[in-house]
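# Observations on the three-dimensional arrangement
Spelled out from the first residue to the last, the chains are:
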Amino acid sequence: MTGKLASTAITVAIILVALVFIYLPVGTLVLFSLHDGRVPVPPFQGPTLEWYGRILDNPRIMSATVSSVIVGLVSSLVSVALALLAGWGLARHRVPGRKLVEALLMMPLAVSYLIVGVGLMVSFSDYIPKSVGFVLIGHVVLNLPLAFAILYVQFDTAQARLEAAARDLGASEAQVFFRVTLPSLRIPIIAAFALCFTFSWDEFIVAFLLSGFDPTLPVVIWGLLRTGLDPQTNAAGTLVFLVSICFALVVELFLLRKKPE
């Protein structure tokens, strides 16, 4: 019994250390976003919401926030749609060189974001001006392999049997896709969309290289950091964190919601 208690205590201690290691930087950021002073260093003074008021009154930060939300939502939607169609086509049809196509679709997961961003900038900068639209294209390039990796494995044998049963009952190919395939993949589709949005919302390197004079929020925060730390920068960082948490909670609540009887 003593050995069991000791083992449990060690496990709990390791978990607590891991949690502190993960959440201490975030907790410090949030705490000093409420700091009533111009330099965010101990001892803590406050709390105050002055810095949140300043970022809400800052048109550059608000414009960048809107741009980040638009890029995140649109790029995630496009990535998931393309990944779903690619996965369905490869899984349900005979495609020459299918294994090669699968590898090519998922290979960008192993490529540095810096390489992707520089490659896009060199390849298309003469045709597409640096803008939010260019960032959106870059984020589709980044998120499509992730969405494909999540969705492609869902087209398994059980899924194929459901589709075959629907065809045997007289459903057309379009009816099979929209009435059987899509509803059965609802949770993976939502999960892929949520992950893509989260990565797009936080992504900095590609956005920095492609955004030009219309940056996303991470690029604006980086610009604030160049002048040194201050509570306003902490408030902006906290805003990014809170949006990510709220989005994750909404997705979790939606996925866990029970269907009506």
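First, a word on scope: everything that follows refers to the structure included in this document. (Residues numbered from 1 in each chain as written. Predicted model: local features only at pLDDT ≥ 70, side-chain atom pairs only at ≥ 80, totals over all residues. Heavy atoms only, no water.)

## Some words on the overall build of the protein
A tally of regular secondary structure across the protein gives twelve helices and zero strands. For the protein, the succession of helices and strands along the chain, N to C, is α-α-α-α-α-α-α-α-α-α-α-α. Its C-alpha radius of gyration of 23 Å places the protein more than 25% over the 18 Å reference for a compact globule of 261 residues. Projected onto its principal axes, the C-alpha coordinates of the protein cover approximately 70 × 70 × 40 Å. Residue burial in the protein is summarised as follows: out of 261 residues, 34% are buried. (Helix = DSSP H or I, 4+ residues; strand = E, 2+ residues; numbered from the N terminus. Rg over C-alpha atoms; globule rule 2.2 N^0.38 Å. Buried < 20%, exposed > 50% of the residue type's maximum accessible area, 1.4 Å probe, protein only.)

## Remarks on the pattern of salt bridges
Applying the stated criterion across every chain, the model contains two salt bridges. With a shortest N-O distance of 2.8 Å, glutamate 50 and arginine 54 are connected by a salt bridge. Of the two residues, glutamate 50 and arginine 54 are both situated in helix 2 (residues 50-56); the distance of four residues between them amounts to about one turn of the helix. The exposure class of glutamate 50 is partly exposed, given its relative accessible area of 33%. Residue arginine 167 is joined to glutamate 163 by a salt bridge in which the shortest nitrogen-to-oxygen separation is 3.9 Å. (Salt bridge = Lys/Arg side-chain N within 4 Å of Asp/Glu carboxyl O.)

## Here we look at the side chain of serine 200
Its location among the elements puts serine 200 in helix 9 (residues 186-202). Overall, the relative accessible area of 6% leaves serine 200 in the buried class.

## Some remarks on the environment of arginine 54
Residue classification places arginine 54 among the partly exposed positions, given a relative accessible area of 33%. Between the C-alpha atoms of arginine 54 and alanine 236, which are 182 residues apart in sequence, the distance is 9.8 Å. Apart from residues no more than four positions distant in its own chain, arginine 54 is found in contact with Arg38 and Gln232. (Contact = heavy atoms within 4.5 Å.)

## What to know about helix 6 (residues 132-152)
An α-helix turns once per 3.6 residues; consequently, residues spaced three or four apart project the same way. The end-to-end C-alpha distance of helix 6, which contains 21 residues, comes to 29 Å, matching closely the 30 Å that a straight helix rising 1.5 Å per residue would cover. Of all the bends in helix 6, the greatest reaches close to 30° and is centred on asparagine 143; the proline proline 145 follows between one and four positions later. (Expected span 1.5 Å × (residues − 1). Bend = angle between axes of the 7 residues up to and from the residue.)

## Notes on the state of the cysteines
Scanning the model with the defined rule gives zero disulfides in all. Cysteine cysteine 196 shares no disulfide, and the gap to the nearest cysteine sulfur, in cysteine 246, comes to 20 Å. Among the residues examined, cysteine 196 registers a relative accessible area of 0% and is labelled buried. (Disulfide = S-S within 2.5 Å.)

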